[in-house]
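Now for the letters of each chain:
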Amino acid sequence: MTAPVIGLALGGGGARGLAHIGVLNVLEKHQIPVHCIAGTSIGALIGSGYALHPDAAQFHKRIGEFVSSSKFRNSGLTRFTRKEPAENFFGQVAKYVKQRIIINLAHSKLSVVSSERLHKIIRFTLENRTIEQTKIPLAIVATDLISGDAKTFFRGSIRKAVLASASIPGFLPPLQYNGHYLVDGAVSSPVPVPAAMDLGANFIIAVDVGQDVLASEHATKNIVDLIFRTNSITAGSLRNMLLEKADFVVRPDVGDIHWADFAQFDRLVREGEIACEKMIPQIQKAYKQRRSLVYRFTHREKES
């Protein structure tokens, strides 16, 4: 019997992923150790920053200052905020593309904007280090467009891996890397529980900031809406399947927040804290039980 290895699986969801910071705040407050981290999309960005410097308070402050800075506003991400909700992150992006992009451009372009916008955010948030240099073991998940599989980075440039993991299809161009065409990890692994397992985690806390698939009367309004709706259902089913493999699932109440509404920073972090606080008694109890079992097992072996 092996000692419990706590792994965090931080899911994608645009601005809603800022709730991950609240989860980190609470785990640190209650001295729940984080032995490894796997991240998808914004979960990769938040997870990487914390894995490099495991200090939740400092990281919280740094991201908060950046989100409220002119540098972030100049990135242009806030322009995509819309009031009406959509079934999921990709559905919202797709609706923006549908409404704003001239159809004939779709035949000659791979994205709405260049990757430089995201690259600026990554350069500010993350040091130019390799994944091997993090203080907490880290895995970053992207999606390979050629094979259709999840591509998990365990080594190499953190910035490049996060850029691939957060390259939303149609919104940002695929990242060409070693013969692969990589896009957002949420396509294949919206909550990267398998990547956390690959790091050796046997006690997984997954953080889900996705949106539930709600009933929609507009599901068959037209062909485009039908395609978006079916994608939403598929993505929701995949997310739920992955979450079944986690020991605990933290679900911050952020489903009503738009993927680009970073102005809700304080609320997003707070919702992460609230959701995690509710789970702490269960997590602590299970962790102590697992450690106690391992202790008794190992001592029994020594005595025999």
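Residues numbered from 1 in each chain as written. Predicted model: local features only at pLDDT ≥ 70, side-chain atom pairs only at ≥ 80, totals over all residues. Heavy atoms only, no water.

1. Remarks on the confidence of the model for the protein chain
Put simply, the rule reads: The quantity known as pLDDT measures the predictor's confidence residue by residue, on a range of 0 to 100. Two residues form a contact once any of their heavy atoms are found within 4.5 Å.
Within the protein chain, residue pLDDT values average 84, and 78% of them lie at 70 or more. Between residues 83-87, whose pLDDT stays under 50, and residues either more than four places distant or in other chains, the model counts 12 contacts. Scored below 50 in pLDDT, residues 101-108 shows 2 contacts in the model against residues more than four places distant or in partner chains.

2. Observations concerning the environment of G255
Stated precisely, the cut-off is as follows: Segments assigned H or I by DSSP are reported as helices when at least four residues long, segments assigned E as strands when at least two residues long, and all are numbered from the N terminus. When a residue's accessible area, from a 1.4 Å probe over protein chains only, is under 20% of the maximum for its type it is buried; when over 50% it is exposed; and in between it is partly exposed.
Residue placement: G255 occurs in the loop between β8 (248-250) and α10 (265-303). Overall, G255 belongs to the partly exposed group, its relative accessible area being 31%. With near-sequence residues (within four places) excluded, G255 lies in contact with R16 and Q211.

3. Focus on unusual backbone geometry
The backbone of S41 shows a phi angle near 55 degrees, a positive value even though the residue is not glycine. Mapped onto the secondary structure, S41 falls in the loop between β2 (36-40) and α2 (42-52). Exposure remark for S41: the relative accessible area of 4% places this residue in the buried category. In this structure, N178 is a non-glycine residue whose phi angle is positive, near 50 degrees. Its place among the elements puts N178 in the loop between β5 (175-177) and β6 (180-184). Owing to a relative accessible area of 65%, N178 belongs among the exposed residues under this scheme.

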